Amino acid sequence: MNPDSNELKALVHKITDLPTLPAMMATITRLMQDPRTSAEELGRAIASDPALVSKVLKLVNSAFYGFPGRISTITQAIVILGFSTIRNVVLTTSVLKAFSRNGSQNGIDVAKFWEHSLLTGAIARSLAVEREANFVEETFIAGLLHDMGRIVLSQKLTAEFEKVILVKEKAGISQLQAEQSVLKLTHGDIGGWLARKWNLPIPYVDVMRFHHTPMESLKQDPNTQADTTTLIYMVHAADSLSKHLVDGKPDLSAIHEIDPAVRAELKIGPEGWERFQLRTEEEIGKARAFLEML
Ligand SMILES: [Fe+2]
Ligand SMILES: [Fe+2]
């Protein structure tokens, strides 16, 4: 689906109360785009929001980042973990804050939604570690945020969402098929739109948009960066593996559930998949701790 399509425009036009990301996010993005920005400068910008400061410090001192209890100032956090990690922490905190994480609304169990997001993030991260990707952390965040379009659809387009559920149940088809038949687009398109509206980095936009159609990204934009397509493949694979956990570990026979083209692109051999399986339980534990702190 073209992001400028009429169906998408008409649908998102109905959203009247879309949460916004804090102005801090725009400030951080702007500062990061300027190569002259120093850690002190970025630290000063974040320091203007004390609640954010304590959250960032809590997170960077957690086991997730591997420096437990050793970082006491934002500037120190930026120097040790780098600009992009701090941006990712602020981004995740802001996005999660924008949507409710409790209760059940309009047929979507929000706690279940976040559990799925967390598992997808952790499994995607484990795949990124296996592939020795240099964007392991981005992979976790991309997995965590991949289904944001579903939240927008269920919480901000309730009439349309109810129609989708009705058609899904009546016709006995998948959620995705029902979205396509009722809306002529999917939560992937809605998520991609949201990510663009929020000025999220392009790889996150593409993951939200293409996680159910991973082979489409290159077709629709031949200039898509190789790292971004890899990111989409990993999140796509993690999304399907997250539905097949046995005793807290991904079921290796479920690898066959992954789109064969994506599986080939992942280039993980039999030993790699075994290492991945062993590592994933720990990744899930770390991701859970990360989310509990937000
Ligand atoms: Fe999805
Ligand atoms: Fe998903």
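Nothing here was measured: the structure is a model prediction, and the numbers come from that model.

S.K.: Sorry if this is basic, but what is going on with the overall build of the protein chain here?
M.R.: Secondary structure assignment for the protein chain yields 17 helices and four strands. Relative to its length of 294 residues, the protein chain is compact, with a C-alpha radius of gyration of 19 Å against a globular reference of 19 Å. Projected onto its principal axes, the C-alpha coordinates of the protein chain cover approximately 55 × 50 × 40 Å. Looking at the 294 residues of the protein chain, the share that counts as buried comes to 35%.

S.K.: For this particular structure, what's the right way to read the confidence of the model for the protein chain?
M.R.: If pLDDT is low for a region, its predicted coordinates should not be looked at in detail. The predicted model of the protein chain averages 90 in pLDDT, with 97% of residues at 70 or higher. In the model of the protein chain, strand β1 (residues 104–105) stands out as the element of lowest mean pLDDT, 60, in contrast to helix α15 (residues 226–241), which has the highest, 97.

S.K.: Could you clarify how one ought to interpret unusual backbone geometry in this entry?
M.R.: Glycine aside, negative phi is the norm for most residues, and most peptide bonds take the trans geometry. With a phi angle near 65°, Lys184 is a residue other than glycine that sits in the positive phi range. A residue is classified by how many C-beta atoms lie within 10 Å of it, and Lys184, with 15 of them, is partly exposed. We note that Asp247 has phi near 50°; this positive angle belongs to a residue other than glycine. Among the structural elements, Asp247 can be located in the loop between β3 (245–246) and β4 (249–250).

S.K.: Please explain the nonpolar core as it appears in this structure.
M.R.: Across soluble globular proteins, you tend to see nonpolar side chains buried next to one another. Counting 62 residues, the largest nonpolar core has Val56, Ala124 and Met234 as its most contacted members. Of the residues forming this core, the biggest block, eight residues, is contributed by α15. The residue makeup of this core includes at least three contributed by each of domain 1 (20–98) and domain 2 (101–294).

S.K.: Would you explain the packing of helix α12 (residues 187–197) against helix α13 (residues 202–210) in this entry?
M.R.: Where α12 meets α13, the closest approach of the two axes is 6 Å, and the angle between their N-to-C directions is 165°. Judged by the inter-axis angle, α12 sits roughly antiparallel to α13. As α12 packs across α13, the resulting crossing turns out to be right-handed. Listed contacts from α13 to Gly188, Asp189, Gly191, Gly192, Ala195 and Arg196 of α12 are Tyr204, Val205, Met208, Arg209 and Phe210. Its residues assigned to classes, the contact of α12 with α13 comprises five nonpolar, three polar and three charged.

S.K.: What is the right way to read the domain arrangement of the protein chain from this model?
M.R.: It is common to give the size of an interface as the accessible area that goes away when the parts come together. Looking at the protein chain, the domain boundaries give domain 1 (20–98) and domain 2 (101–294). Contacts between the two partners involve 15 residues from domain 1, matched on the other side by 13 residues from domain 2. Sort the elements by how many residues they give to the side of domain 1 that touches domain 2 and helix α6 (residues 83–98) lands first, with seven residues. Split into classes, the residues belonging to the side of domain 1 that touches domain 2 amount to eight nonpolar, six polar and one charged.

Procedures and definitions
Residues numbered from 1 in each chain as written. Chains lettered and ligands numbered in written order. Predicted model: local features only at pLDDT ≥ 70, side-chain atom pairs only at ≥ 80, totals over all residues. Helix = DSSP H or I, 4+ residues; strand = E, 2+ residues; numbered from the N terminus. Rg over C-alpha atoms; globule rule 2.2 N^0.38 Å. Buried ≥ 20, exposed ≤ 12 C-beta atoms within 10 Å, placed from the backbone. pLDDT = per-residue confidence, 0-100. Core = buried A, V, L, I, M, F, W, Y, C linked by C-beta atoms within 7 Å. Domains from an automatic or database assignment. Axes fitted to C-alpha atoms, helices over the stretch in contact; angles between N-to-C directions. Parallel < 35°, antiparallel > 145°, perpendicular 65-115°, else oblique. Left-handed = near helix turned anticlockwise from the far one by under 90°. Contact = placed C-beta atoms within 7 Å. Nonpolar A, V, L, I, M, F, W, Y, C, P; charged D, E, K, R; others polar.

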